[in-house]
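# A look at the structure
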Amino acid sequence: MKKTIQLVSFLLMLSFAFTACNDGPKAEAQEEPIDMEALRTEIQAMEDAFAAAEKAKDADAVAAYYSEDAVSYSRNQPPASGRATIREKIAEGFASDTLGGSNVYKVVDLFAEGDMAVEIGSWTQLDSTGTQTDSGYYMSYFEKRDGKYQCVRDMSVINKAEDKEPTASLQ
């Protein structure tokens, strides 16, 4: 038993020594810092292109925002998985739209590290006269693939004050 304790103690000391030796400066390449203003401009341009494509009812251009393996969590719908399915849902929405409104998207906050970025944004829905009819927030997760950011996941919420009192509490 005493030899087992000594062996375990020796192995633990050896592993600590090995870890300490390997914790020194690493010779890995340093990533260049992300220019957050340039990234904000790039992401806002993507949102503006998304809005312009929606206004033109161009489902292909809207779907280009998404990666092939994206999942979109839209309001009041089950998630859509994959660019083709997302495009199909967008096209269905365009086909049933009789109001001719548009949306405006604005980057509110942006976080990035390496080839990943998370955007928190606001959206405003306008009717054909330019009057606001709805608003809310969204979150998009981007990955840089082949030198270009693509949305991999997104979801949105609506800022709608209900006329009803809440029926349940989460206490």
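Heads up: these notes are all about the structure in this document. (Residues numbered from 1 in each chain as written. Predicted model: local features only at pLDDT ≥ 70, side-chain atom pairs only at ≥ 80, totals over all residues. Heavy atoms only, no water.)

A complete count under the given rule lists six aromatic pairs for this structure. Between Phe50 and Tyr105 the ring centres are 5.4 Å apart and the planes differ by 90°, which places this aromatic pair in the edge-to-face class. Residue Phe50 is found in helix H2 (residues 36-55), and its partner Tyr105 is found in strand S3 (residues 102-113); the two are separated by 55 residues along the sequence. Take Phe50 and Tyr105: they sit in the same class, and that class is buried. Ring centres of Tyr65 and Phe142 lie 5.8 Å apart, and the angle between their planes is 80°; on these two criteria the pair is classed as edge-to-face. On the criterion of sequence distance, the pair formed by Tyr65 in the loop between helix H3 (59-63) and strand S1 (66-73) and Phe142 in strand S5 (residues 132-145) is long-range, its members being 77 residues apart. Residue Phe142 is classed as buried on the basis of its relative accessible area, which comes to 0%. An aromatic cluster of at least three residues, connected via ring pairs, comprises Phe50, Tyr65, Tyr66, Tyr105, Tyr138 and Phe142. Just above the ring of Trp123 sits the side chain of Arg75; from NZ or CZ to the centre is 4.1 Å. (Phe/Tyr/Trp six-rings, centres within 6.5 Å; stacked < 30°, edge-to-face > 60°. Helix = DSSP H or I, 4+ residues; strand = E, 2+ residues; numbered from the N terminus. Buried < 20%, exposed > 50% of the residue type's maximum accessible area, 1.4 Å probe, protein only. Lys NZ or Arg CZ within 6 Å of the ring centre and 35° of its normal.)

A few words on unusual backbone geometry. Only a minority of non-glycine residues have a phi that is not negative, and only a minority of peptide bonds are not trans. Within the chain, Lys57 stands out as a residue other than glycine whose phi angle is a positive 55°. Since its relative accessible area comes to 38%, Lys57 is described here as partly exposed. Here Asn76, not a glycine, exhibits a phi torsion of approximately 60°, which is positive. Here Asn76 lies in the loop between S1 and strand S2 (80-81). Residue classification places Asn76 among the exposed positions, given a relative accessible area of 82%.

This paragraph deals with the sheet that holds S3. Overall, mixed pairing links the six strands, which are arranged S2-S1-S6-S5-S4-S3 in an open sheet. Each edge of the open sheet is held by one strand with a lone partner, namely S2 and S3. Here S1 runs beside strand S6 (residues 148-158); their pairing, made up of four bridges, is parallel. When the sheet's bridge partners are listed, Val71 is paired in S6 with Arg153. Contacts between H2 and the sheet are confined to S1, S3, strand S4 (116-126), S5 and S6, with S3 contributing the most and set at about 155° to the helix. Where helix H4 (residues 83-96) meets the sheet, it contacts S1, S2 and S6, and its direction lies at approximately 55° from that of S1. (Pairing = 2+ DSSP bridges. Contact = heavy atoms within 4.5 Å. Axes fitted to C-alpha atoms, helices over the stretch in contact; angles between N-to-C directions.)

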